[in-house]
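# Residue-level structure breakdown
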Amino acid sequence: ADLFPYERQEILCKNAVLRDLVEDRYRVRYVRFPSVGENGQPGNLVRGHYYESKLPGRKPLVIVLPIWGGHPYPSNKIAARVRRTSRGRAHVFLVLGDGDLFDWQGLAAAPDQETFFDLWRQGVECEEAMIVDVRRIIDWAEARNDVDDERIGLIGFSASAVLAATIAATEPRLDATVVVMGSGRIHESLAHCPLQQSAGMRKRA
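Residues numbered from 1 in each chain as written. Predicted model: local features only at pLDDT ≥ 70, side-chain atom pairs only at ≥ 80, totals over all residues. Heavy atoms only, no water.

Right, let's get into the overall build of the protein chain. Of regular secondary structure, the protein chain possesses six helices and seven strands. Helices (α) and strands (β) of the protein chain occur, in sequence order from the N terminus, as β-β-β-β-α-β-α-α-β-α-β-α-α. Projected onto the principal axes, the alpha-carbon positions of the protein chain cover approximately 60 × 35 × 30 Å. Counting every position in the protein chain, which comprises 205 residues, the buried fraction comes to 44%. Counting only contacts in the protein chain whose residues sit at least 6 apart along the sequence, the fraction spanning at least 24 positions is 67%. (Helix = DSSP H or I, 4+ residues; strand = E, 2+ residues; numbered from the N terminus. Buried < 20%, exposed > 50% of the residue type's maximum accessible area, 1.4 Å probe, protein only. Contact = heavy atoms within 4.5 Å.)

What follows is about the sheet that holds strand E1 (residues 14-17). The strands that make up a sheet are held in pairs by hydrogen bonds between backbone atoms, and each pair lies either parallel or antiparallel. Taking strand neighbours across the sheet as the criterion, the seven strands line up as E1-E2-E3-E5-E4-E6-E7 in an open arrangement whose pairing is mixed. In this open sheet, the two strands that pair with only one neighbour each are E1 and strand E7 (176-180). Strand-to-strand, the axes of this sheet are offset by a mean angle of 20°, without reference to chain direction. Relative to E7, strand E6 (residues 147-157) runs parallel, the two sharing five bridges. Residue Leu154 lies in a different strand from E7, and its bridge partner there is Thr177. Relative to E6, helix H4 (residues 159-170) is tilted by about 140°, and along the sheet it contacts E6 and E7. (Pairing = 2+ DSSP bridges. Axes fitted to C-alpha atoms, helices over the stretch in contact; angles between N-to-C directions.)

Counted by the stated rule, this structure contains nine aromatic pairs. Geometrically, the ring pair formed by Tyr50 and Phe93 is tilted, given 6.3 Å between the ring centres and 40° between the ring planes. Of the two residues, Tyr50 is situated in strand E3 (residues 45-53) and Phe93 in strand E5 (residues 91-95); the sequence distance between them amounts to 43 residues. Side by side, Tyr50 and Phe93 carry an identical accessibility label, which is buried. Taking 4.8 Å as the distance between ring centres and 50° as the angle between the ring planes, the aromatic pair formed by Phe102 and Trp120 counts as tilted. In this pair, Phe102 is assigned in the loop between E5 and helix H2 (104-108) and Trp120 in helix H3 (residues 113-142), connecting sequence segments 18 residues apart. (Phe/Tyr/Trp six-rings, centres within 6.5 Å; stacked < 30°, edge-to-face > 60°.)

This part is about the nonpolar core. Counting residues in each nonpolar core, the largest one holds 36 residues, and the members touching the most others are Leu61, Ile63, Leu65, Phe93, Ile152 and Leu154. Sorting the residues of this core by element identifies strand E2 (26-34), E3, strand E4 (59-64), E5, H2, H3, E6 and H4 as the ones contributing at least two each. Looking at this core, the element that brings in the most residues is H3, giving 11 residues. When neighbours within four sequence positions are excluded, Phe93 is seen to be in contact with Val31, Arg47, Gly48, His49, Tyr50, Leu61, Val62, Ile63, Val64, Ile137 and Trp140. Grouped together as the second largest cluster of nonpolar side chains are 14 residues, Leu18, Tyr51, Val92 and Ile155 included. (Core = buried A, V, L, I, M, F, W, Y, C linked by side-chain atoms within 4.5 Å.)

This part covers the side chain of Arg173. Position of Arg173 among the secondary structure elements: in the loop between H4 and E7. A distance of 3.2 Å separates a polar side-chain atom of Arg173 from the backbone oxygen of Arg135. Excluding residues that lie within four positions of it along the chain, Arg173 makes contacts with Tyr6, Arg8, Arg135, Ile138, Asp139, Glu142, Asp149 and Ile152. (Polar contact = N/O pair within 3.5 Å; in protein donor to acceptor, adjacent residues only side chain to side chain.)

Let's shift gears to the environment of Asp100. Here Asp100 lies in the loop between E5 and H2. Counting along the chain gives 28 residues from Asp100 to Glu128, while the straight-line C-alpha distance between them is 13 Å. In this structure Asp100 touches Gly40, Gln41, Trp68, Gly69 and Gln197, once residues within four positions along its chain are discounted.

Listed below in structure tokens is the structure:
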């Protein structure tokens, strides 16, 4: 069953070539389009760097998810590795994730239980919107002549590994999904994670 249904529509996307990011085998485009809901990101947009291979013909696409609101190093490193090893034989879409999906500071400072649960529900809605937004990236990719829509892959690291696994379970168009350092027991991660974000939320809970 499709747990995250949405009405497929044309993606009204803006994109511009980033001339300060120069790579031998790739043209780098800054892509952005409106989210389907409140996704917790700047401008409520889906944003990414699309590394478009300069080689002719249709290519596979690898979508790399960020650690939303966390350090960009892991996703940047993974995306760079894919580009280096593919040597232009695959496109890469690096999703940008500057904003948190959950308001961890708000949860840690919630004055009462009702506020806490309202903020938690908002975080769940952000994750649901982001799951659909990633599926819409696939919609956007399918409409491009340079993408082999039968070879689309997804990579998630840490927190984004959880979303990648969820997306893979509901999105049949993915040919392959890689989850790195994810958690199948998210409740235990939230209960024991030593990071300050989770610690403040846990103390308030």
